[in-house]
Amino acid sequence: MTRLQAVAAPLPHDSAELHVTGRARYVDDLPEPQGCLHAAVGQSARAHARIVRMDLSRVAAAPGVVAVLTGADFPGLNQIGPVLLDEPALAQHSVDYHGQAVFAVAATSYELARRAVTLAEIDYEDLPAAIHLEDALAENLDLLLPYEMRRGDPDAAMARSAHFLEGSFRLGGQDHFYLEGQIALAAPGEDGGMDVHASTQHPTEVQHVVARCLGEIDAKVRVECRRMGGGFGGKETQANQIAAIAAVLARKTGRPVKFRLDRDVDMTLTGKRHDFRIDYRVGFDEDGRIEAITFGQAARGGCSADLTGAIADRAMFHADNAYFFPHVRIRSRRLKTHTVSNTAFRGFGGPQGMLGIEEVIDEIARHLGRDPLDVRRANLYGPAPRNLTPYHMEVEDFVLPEIMDELEQSSGYRERRAAIEAWNRTSPVLKRGIALTPVKFGISFTTSHLNQAGALIQLYTDGSVLLNHGGTEMGQGLYVKVQQIVAEELQIPTGLIRITAADTSKVPNTSPTAASSGTDMNGMAALAAARTLKERLTTFAAEKYGVPAHKVVFQDGAILLGEHRMSLRELAKEAWMARVQLSATGYYATPKIHYDRDQAHGRPFYYFAYGAACCEAVIDTLTGENRILRADLLHDVGRSLNPAIDRGQIEGGFVQGLGWLTTEELWWTKEGALASHAPSTYKIPCASDLPRDFRVAIWERGRNQERSVHRSKAVGEPPLMLAIAAFQAIKDAIAQAVPGRGSPRLDAPATPERVLFAVNELRGRTAALDLARAAE
Amino acid sequence: MQATETDPRPGNGTGEPGPIPVVLTINGTERRLEVEPWTTLLDLLRERLDLTGSKKGCDHGQCGACTVLVDDRRVNACLTLAVMLDGASVTTVEGLAQDGQLHPVQDAFVEHDAFQCGYCTPGQICSAVGLLKEGRARSDDEIRELMSGNLCRCGAYVNIVAAVRQVMDGTGAGR
């Protein structure tokens, strides 16, 4: 008899059959409780204004309307901010962004609720508004205090460097565009209770915010989430407001209330990835090796703090990506604008910081006329003393040289670069480019106390198991991975383990399912619970059957007791008869991590996840249109818990990153209204945008050096940053289109428009140079 | 013959024209319904007939999550008014499996992990079934192009294309 192998098996997603038959229930699919009302919000038509007069009498009198709610009507606090109390659920007295929720209604149908909110009469008195990052920089509108990390003496070292460059570039934000928009269904219970079904990555925070808005104790609010139709960070804090409005309306009317955002409302009301401006100064030697570097990162926070502090911190933590800086200073500003409050998005600032240094490396290479890959390699972390990050953490598990060697070979980077250069000489309009870039991404919440998780396992007397933990399922495959971990530990088939919805009444005080940490933490907590249960059963069986504890072996659906053998069903029944507790909790706190924010010094990450990508792009120099022709990804997931799921995360992360850096452009009017608020104007990747030749591999030698669950590594966010190779390949194609004239000026996303401008700007440089030469 | 089902919701009181009778065959069952002229097929399916498999992603006909088959042709149910379909036959994701057996496209989606969050999946599957019936796609490139109206934010496209390809080529391993 062999051990049951559930871990490392490429099992399908736990809801696979439900998904393909349309039976997987999302919040909007739940049967509506009797008397259920539907909510809608009235949104601000101004970016920054005082509300002079608000007359909602026509709204209240509209057909089907049962209740109208303003910020003044909240039984508790009208506050949804996750960290600071600086964000009202419904604006009072003044508005801080175009599209902000000002009031809400509950009506007998969705349609009637939406019609009613259009009837409000609101007079505004405009106040000065900062819409874009530049406006906020010009006005010195800091949302939070600036922050700095430093090591060594960058100014002095830079003065001694043989080469020096400085520059600045912009990179855009990103809308989550989860296919399932934000939604909550709140049902009032007895004695002040409130049950909420929410599409949220953070049920505990929704519980806290709902309780806060209702003025109730947390224990009276229960939040449940079985699955989300995509989260990507957009349902980490942004679900708070939706649930809070639904719950307060439910309290006010005494009836269940469903609040589902229409797509345009979702895009104008809820936060996005932060756009950044990054300034740099860098000193380096002939090989392109960085001697000193300074970064100025400016993040557009929007109108409230939300998670901007932690996001801007993570951008700083990734300003080094995979490279050692002998002398470094990173300054970060978090700016306030009168636009929607920007929020978590897969990577949480990491992608922005990382794109910054990859741009700098590319600039260095072009300045020296070297292959950017050689400059990347020259700057990689190495043995001490070249292993210290700007925040003084030692990089102990640096496997990137191996990964990059392998990818350079398997992608044929060198030969293809030569072939592309030859091809470009014969192609007058279309030009190709290639790039190979690494990713090093820190795993753990940098807010150290969030690195904890809990789980609950219940064994029933028929041998079946109910599994619950604090993690939420948004498609990333967390639930099946944790199920696999428990199945292997208890040695029972996954079919006997019932996965249940995240529920604040089962596992409390949970952290958000975010920072790629879902499996690391909840998997460990569930493992701990399974072990506790196993220990109790082992002790009981050893005593009852007179065998030593080490002879009690759980194996392939059975329990072996020396010569004797029984099923888990039999053992569960016997243990119950003997009054042994069959329910166990488990808990996990990530070890080793600490960070002193005042000193910018510590070990914020348990470990790093690594990967590398090689992309080839083609551009049309007459239109700026561009495509990724081929992408080779090699990514380290440690020892994979589920290769099928991990591969999906790698591909999907890359595709989402590709959208961020190429087609997804958020556009605000000068009045501060988001013009790109539907798929008609906001372009996420579709099937035909994929690289024609897409080669994805999990790094076979991957193994987490730290004692993570089965030595696996987190995989949610890191692959998104593999798409930086695509951006750099497009930039390479632009440079190759107009050779010998320096580095292209290209901000992200590389839309056709920006690519065309960059080509033309380079050509302009050529013309200017030719003129100068002619004059000589 | 079934009794006519009327809109159970309270009167909307807006003085607009009343419900219109239509006959639809939905997943093989004939339904006689009275629907408001502005009711979309998607709302009819989801709100009245409890067929919640088809999803509302954008409500603008631009994401494809609501894709269903009308007389074997794929349409965006959110842009199709129910009253326009009098006499038509509608197949939703719930109607694809026959006699407890998944449709080959459903099988292939499971086999290839052609989804993550699953929200676009019913639309992808209906779209793929329609595409296969059209017989227009022959290569992976053509599948990508002709499936480009169905967005997947999780980016499971590689596996979606592989699943469609498998059914197209008739190379399914079966389960």
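Rules used in this analysis
Residues numbered from 1 in each chain as written. Chains lettered and ligands numbered in written order. Predicted model: local features only at pLDDT ≥ 70, side-chain atom pairs only at ≥ 80, totals over all residues. Heavy atoms only, no water. Helix = DSSP H or I, 4+ residues; strand = E, 2+ residues; numbered from the N terminus. Buried < 20%, exposed > 50% of the residue type's maximum accessible area, 1.4 Å probe, protein only. Contact = heavy atoms within 4.5 Å. Areas by Shrake-Rupley, 256 points an atom, 1.4 Å probe, with all protein chains shown as cover. Domains from an automatic or database assignment. Buried area = accessible area lost by both parts, 1.4 Å probe. Salt bridge = Lys/Arg side-chain N within 4 Å of Asp/Glu carboxyl O. Polar contact = N/O pair within 3.5 Å; in protein donor to acceptor, adjacent residues only side chain to side chain. 1 Å grid on protein atoms, 1.4 Å probe; cavity = no way out; pocket = protein on both sides within 12 Å on 5 of 7 lines; lining within 4 Å. Points joined across faces, edges and corners; volume = space filled by probe spheres on them. Nonpolar A, V, L, I, M, F, W, Y, C, P; charged D, E, K, R; others polar. Pairing = 2+ DSSP bridges. Axes fitted to C-alpha atoms, helices over the stretch in contact; angles between N-to-C directions. Arc of directions from axis to C-beta. Parallel < 35°, antiparallel > 145°, perpendicular 65-115°, else oblique. Left-handed = near helix turned anticlockwise from the far one by under 90°.

1. A word on the overall build of chain B
When you go through chain B residue by residue, the secondary structure sums to 5 helices and 5 strands. Reading the helices (α) and strands (β) of chain B from amino to carboxyl end gives β-β-α-β-β-β-α-α-α-α. In chain B, buried positions account for 53% of the 175 residues. When contacts within chain B are restricted to residue pairs at least 6 apart in sequence, those whose partners lie at least 24 apart make up 59%. Per element, the accessible surface of chain B, about 7100 Å² overall, is 47% carbon and sulfur.

2. Some thoughts on the domain arrangement of chain B
Residues and elements named next belong to chain B. Parsing chain B into structural domains produces domain 1 (20-95) and domain 2 (104-169). In total, about 1300 Å² of surface goes out of reach between domain 1 and domain 2, with carbon and sulfur atoms giving 55% of it. With its nearest N and O atoms 3.5 Å apart, the salt bridge here joins Asp72 to Lys133. Remark: the boundary between domain 1 and domain 2 carries 7 residue pairs in polar contact (both at pLDDT 80 or more).

3. Let's talk about the layout of surface pockets
Residue and element names in this part refer to chain A. Computed from the structure, the second largest pocket encloses a volume of approximately 960 Å³. What lines the second largest pocket is a set of 41 residues, among which Val83, Ala310, Thr447, His449 and Leu450 lie closest to the centre. Elements supplying a minimum of two residues to the lining of the second largest pocket: strand S7 (142-151), helix H6 (203-214) and helix H9 (308-317). Top contributing element to the lining of the second largest pocket by residue count: H9, with 6 residues. Of the residues belonging to the lining of the second largest pocket, the class tally is 19 nonpolar, 14 polar and 8 charged.

4. Brief notes about the interface of chain B and chain A
Contacts between the two partners involve 47 residues from chain B and, on the opposite side, 55 residues from chain A. Between chain B and chain A, a total of about 4200 Å² is buried, with carbon and sulfur atoms accounting for 56% of that surface. If you sort the residues of chain B by the area they bury against chain A, Gln116(B), Tyr119(B) and Arg153(B) come out on top, with a joint share of 20%. Taken together, the links from chain B to chain A amount to 5 salt bridges. Two residues, Asp29(A) and Lys55(B), come together in a salt bridge whose shortest N-O distance is 2.5 Å. Across the chain B-chain A interface, the total number found is 20 residue pairs in polar contact (both at pLDDT 80 or more).

5. Some remarks on the sheet that holds strand S4 (residues 94-95) of chain A
Residues and elements named next belong to chain A. Within the open sheet, the 3 strands sit side by side as S4-S2-S6. Their pairing is antiparallel. For this open sheet the edge positions go to S4 and strand S6 (121-126), each flanked by a neighbour on one side alone. As paired strands, strand S2 (residues 49-55) and S6 are joined by 6 bridges and run antiparallel to one another. Each residue of the ladder has a partner; that of Ile51, found in S6, is Tyr124.

6. Concerning the sheet that holds strand S23 (residues 564-567) of chain A
All names here are of chain A. Pairing within the open sheet is antiparallel, and its 3 strands lie in the order S21-S22-S23. One side of each edge strand has no neighbouring strand; the edge strands of this open sheet are strand S21 (552-555) and S23. Strand-to-strand, the axes of this sheet are offset by a mean angle of 25 degrees, without reference to chain direction. Pairing analysis gives 4 bridges linking S21 to strand S22 (residues 558-561), with the strands arranged antiparallel. Bridge assignment links Phe554 to a residue of S22, and that residue is Ile559. The sheet contacts of helix H16 (residues 568-577) involve S21, S22 and S23, and relative to S23 the element is tilted by about 85 degrees.

7. Some points on the pattern of salt bridges
All names here are of chain A. Following the criterion strictly, the structure yields 83 salt bridges over all chains and no others. Across the salt bridge formed by Glu32 and Lys258, the nearest N and O atoms sit 2.8 Å from each other. Of the two residues, Glu32 is situated in the loop between helix H1 (16-21) and strand S1 (37-43) and Lys258 in strand S12 (residues 257-260); the sequence distance between them amounts to 226 residues. Taking the relative accessible area as the measure of exposure, Lys258 reaches 4% and is therefore buried. With its nearest N and O atoms 2.8 Å apart, the salt bridge here joins Asp503 to Arg222.

8. As for the domain arrangement of chain A
All names here are of chain A. Each assigned domain of chain A is listed here: domain 1 (32-128 + 176-269), domain 2 (130-175 + 272-391), domain 3 (398-445 + 603-776) and domain 4 (452-589). Placing the centre of domain 1 and that of domain 3 at their C-alpha centroids yields a distance of 38 Å. Tallying the contact residues gives 8 residues for domain 1 and 11 residues for domain 3. Counting each side, the surface lost to burial between domain 1 and domain 3 is near 840 Å², with a carbon and sulfur contribution of 69%.

9. Section: H16(A)
All names here are of chain A. Among all positions of H16, only Leu568, Leu571, Ala572 and Ala575 are buried. Down the axis, H16 shows its buried residues gathered within 100 degrees of arc, on one side only. Every exposed residue of H16 that faces more than 90 degrees away from the buried side is listed here: Arg569 and Met577. Looking at the packing, one finds that the buried side of H16 touches strand S17 (452-459), helix H15 (518-545), S21, S22 and S23. At the C-terminal side of H16, Arg579 shows a positive phi close to 60 degrees.

10. Things to note about the side chain of Thr80(B)
Residue and element names in this part refer to chain B. Turning to its location among the elements, Thr80 is positioned in the loop between strand S4 (73-76) and strand S5 (89-91). Judged by its relative accessible area of 11%, Thr80 is buried. For Thr80, the side chain forms a polar contact with the main-chain oxygen of Asn76, separated by 2.9 Å. If we skip the residues at most four places from it in the chain, Thr80 touches Thr39, Thr40, Leu41, Val75 and Leu85.

11. Some words on the packing of helix H14 (residues 478-490) of chain A against H15(A)
Residue and element names in this part refer to chain A. It is at 9 Å that the axes of H14 and H15 come closest, and there the two elements cross at 30 degrees. When the axes of H14 and H15 are compared, the pair comes out roughly parallel. As H14 runs across H15, the sense of the crossing is right-handed. Where H14 approaches H15, its residues Leu478, Lys481, Val482, Ile485, Val486, Glu489 and Leu490 are matched on the opposing element by Gly518, Thr519, Asn522, Gly523, Ala526, Leu527, Ala530, Arg531 and Lys534. Per-class residue counts for the contact of H14 with H15 are 8 nonpolar, 4 polar and 4 charged.

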